[in-house]
Amino acid sequence: MSAEPLEDLPAAARANWLQWVNRLGPVLALAVVYGAFAAKSPRMFSLAAVETITIQTVIVGTAAVGMTLVIISGGIDLSVGSMIAISSVAGAYLLVKLGVSPFVGVCGAVLAGAVCGLFNGLIITRARVVPFIVTLGTLLVVRGAAKGLAQSAPINIDSQWITGFVQTLGDGERWKLLPPGGWMMILLAALFWALLRYTRLGRHTYAIGSNEQTARLCGVAVERVKLWIYGLSGACAGLSGVMLLSRQGQGDPTGAMGYELDVIAAVVIGGGSLSGGEGSIVGSIVGALIMTVIRTGCNLQGLQPWVTQIVTGAIIVVAVALDRLRHRRAT
Amino acid sequence: MAEGLEVASGPGAAAPRLDMRDVHKRFGATVALAGVSLTVESGEVHALVGENGAGKSTLMKVLSGAHPADRGTMRLDGRDYRPRNPLDARQAGVAMIYQELSLAGHLTVEENILLGMEPHTLGLIHRREVRRKALEAIRYFEHPEIRPDVPVGRLTVAAQQLVEVARALAVGCRVLVLDEPTSSLTRQDVERLFALIQRLKDQGHAIVYISHFIEEVKRVADRVTVLRDGKSVGVGEASDLTIEQIVSMMVGRTVQDLYPRSPRTRGEAVLEVQGLAGIDKPVSASFALHRGEVLGIAGLVGAGRTELLRTLFGLMPVRSGTVRIGAYYGPASPTRRWAQGAGILSEDRKEEGLALSMSVADNMTLSKLKGFGPLGLVLPGRQAAAARRWVDRLDIRCRGPRQRLLDLSGGNQQKVAVARMLQHDVDILLLDEPTRGIDVAAKATLYKLIDELTCGADGREPKAVLMVSSYLPELLGVCDRIAVMCRGRLGPARNAADVTEKDLMLEATGHGDAA
């Protein structure tokens, strides 16, 4: 990357400063929430707590990476929870019923997610139905397909390799800091961050979300880009399904129920705008972390689950309201 | 409230209907208004003209209560008028009709007219009363299609505008402000609007008429106030002022060489169109566009000029006919057209032409994200460097290539849209209303640029320009040849030197000699 050009106006300096605050907003929010809970229960500060938080964020965080693309493009994907479930079932099915190697099983699960995502993309672009309705439909379709594939019962797997993705590290493995699943999420996030920032696909994604008509006028192959977006989002959901499989040790057709809302909330807390054109990968991961921190923190406080739920919901709304307020100041 | 329709007009009344004196307004460091005075009598149409950025919209925002004035006085019928917000202003009797109409499309005409002031008892609406008041408000309009029970969304733009006027009258407005009311109307509708304005005037309403079209202003207004740089620089009887006088007051200098014209050499035909027809419009269009020329397309709004450009560019389906661009025939799509070396400038900058929430650099490079890094990567730094070149060349006022377009003025936004075609380095430029809603300085930049492109300045190959415009002096000034479109049919192209505004207007309205 070439050097940032100098813009010597004081207004520019202020705008840059505001931009930085805007970008760091979700991170600051995370620090505040984490700090608040840690002040109450110092156990939150331990490496073990960080590990737990990561493990519990991985499933939602991985799917949120893909969802970020969808939301930046001005779309939405409600079928993410179902795609996570069918991917975990597909992985387990390949391992147990077809006896493939764990690596092939993982690839199969990711592929299953990608196929579902492409299916969404095809209907959205060919039948010209809005994403909300299409994915509301496929939420049920895919969930049903997952149950059918698993014949309505979880499929247990015994691959140590896969179940190790999101398990607490043993004493001999402390040097890894995070379990493999955590590193996979970070690597995926880095890849998608670069994709959004440095590739044509990334620019076209922002352009479609910002103004689809302009994108079309400028010769952007809008339909093809959308297929990519939904396909990639599906693949992320597929990887998220692998994490679910790893976590539960079984392909569960009723797993990840309602996760689509967590995933969307993560993206939105991280600065994504449901009207498109805005959002960031880092923000989405941070958004997912914020929600886990709240849950873990509430747990450590010994709060009832219903309290946790209310707090989570309130924080979502407050976070987004603050974000919009900041934006209004900045422009 | 219905009494508002018969506003007391007082020829003998001492105080003017609206009297604004020495109004000042600044936003931070920017001085938007630096002493504006405007006096409107009842029964008068008072035109307000000025370049974009001269302060017209700020003045109207102060008048309508959206912004408070920093200094100066405003009086309405001799009484102090200090609106705290737009609702306050409306209740005091100042109604604004903006370019973008604010009607609820799914509600009927009568529901719109009485929106927010429905006669009711405990929330139950008196439907008959609503109907009576609505009919009373629309009885002046010679538009039979405006029936009280039709959803507003089904009416034409012209009719919708009248519904908005009716709404203003129903609340009993004393000052009616029309902001660019004719910009989206057909010729006939403009005539009907003028007739309506005349009637409202006769009833004693005070009307402030804002427009870019000086010819119109001269026709409809009694007096004209000219704004420049946030000051009122002149006021006079519309009948005494010539168009040239008004324009030179607006720009603060005499308009000379607005349309530069270097010697151009006409080259080979790069775009050939034979019998092109779209689904609805165009009905038929044939022409050839050559390198080194500007071909203008005149016509009324709705004649199918925009549709012609969009069909050419693959944004609308083709029914029949052939299009050849360079050596290419075959189906059109925007992607292919850009690849074939053609670019389009949309007439609708905000909705289609530009992604306003993206940066200057992103907008300029969107059609061709190539050559900004190895392996097909797009490096933001190189993108910005490419954009900076055009920012300098076209004198685009912005903080830098990474600034979002939202904060730029209309003229600067338009320059960004044009820069996209230059960055792409297209040979054929399709320009749809390139100077709509931009100030005179930006217009001059564009005219100069078009001239440079077509004459092949600095040793570059001359380009071909197809330009649609509703402003005839501009077409006559810029183009080499002009063709007129009327009801979807494109007439023959003629040398711009051989035609007059009158010829073009006659042909556009279907009264031209078939020559």
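Model, not experiment: these values are computed from the prediction. (Residues numbered from 1 in each chain as written. Chains lettered and ligands numbered in written order. Predicted model: local features only at pLDDT ≥ 70, side-chain atom pairs only at ≥ 80, totals over all residues.)

A. Region of interest: the overall build of chain B. Within chain B, the regular secondary structure consists of 17 helices and 22 strands. Relative to its length of 515 residues, chain B is compact, with a C-alpha radius of gyration of 25 Å against a globular reference of 24 Å. Summarising its shape, the C-alpha atoms of chain B cover approximately 70 × 50 × 50 Å along the three principal directions. For chain B, the residues scored as buried account for 46% of the 515 residues in total. Long-range pairs, those at least 24 residues apart, make up 69% of the contacts in chain B with a sequence separation of at least 6. (Helix = DSSP H or I, 4+ residues; strand = E, 2+ residues; numbered from the N terminus. Rg over C-alpha atoms; globule rule 2.2 N^0.38 Å. Buried ≥ 20, exposed ≤ 12 C-beta atoms within 10 Å, placed from the backbone. Contact = placed C-beta atoms within 7 Å.)

B. Fine view of the nonpolar core. In this structure, Ala 63, Ala 64, Ile 84 and Val 263 of chain A together with Ile 428 and Leu 430 of chain B are the most contacted members of the largest nonpolar core, which totals 166 residues. No other element matches helix H10 (residues 222-248) of chain A, which puts 14 residues into this core. Val 23, Tyr 81, Ile 113 and Val 165 of chain B belong to the second largest nonpolar core, which has 66 residues in total. (Core = buried A, V, L, I, M, F, W, Y, C linked by C-beta atoms within 7 Å.)

C. Representation of the domain arrangement of chain B. When the domains of chain B are assigned, the result is domain 1 (17-86 + 210-251) and domain 2 (269-508). Computed over C-alpha atoms, the centres of domain 1 of chain B and domain 2 of chain B are 34 Å apart. (Domains from an automatic or database assignment.)

D. How the structure looks around the sheet that holds strand E16 (residues 318-325) of chain B. Residue and element names in this part refer to chain B. With antiparallel pairing, the three strands of this open sheet are ordered in space as E14-E13-E16. Edge strands, defined here as strands with exactly one partner in the open sheet, are strand E14 (285-290) and E16. The average angle at which neighbouring strand axes cross in this sheet is 5°, direction not considered. Of the strand pairs in this sheet, strand E13 (residues 269-278) and E14 are connected by five bridges, and their pairing is antiparallel. For Glu 272, the partnering residue across the bridge sits in E14 and is Ala 288. Against the sheet, helix H9 (residues 305-312) makes contact with E13, E14 and E16, and its axis sits at roughly 115° relative to E13, the strand it touches most. (Pairing = 2+ DSSP bridges. Axes fitted to C-alpha atoms, helices over the stretch in contact; angles between N-to-C directions.)

E. Up close: the interface of chain B and chain A. Of the residues lining the interface, 29 residues belong to chain B; the matching set on chain A comes to 26 residues. Of all elements in the fold, only helix H10 (334-339), helix H11 (349-353) and helix H13 (380-393) of chain B reach the threshold of two or more residues within the side of chain B that touches chain A. Here the side of chain B that touches chain A gets five residues from one element, more than from any other, and that element is H13 of chain B. Residues belonging to the side of chain B that touches chain A are distributed by class as follows: 16 nonpolar, eight polar and five charged. (Nonpolar A, V, L, I, M, F, W, Y, C, P; charged D, E, K, R; others polar.)

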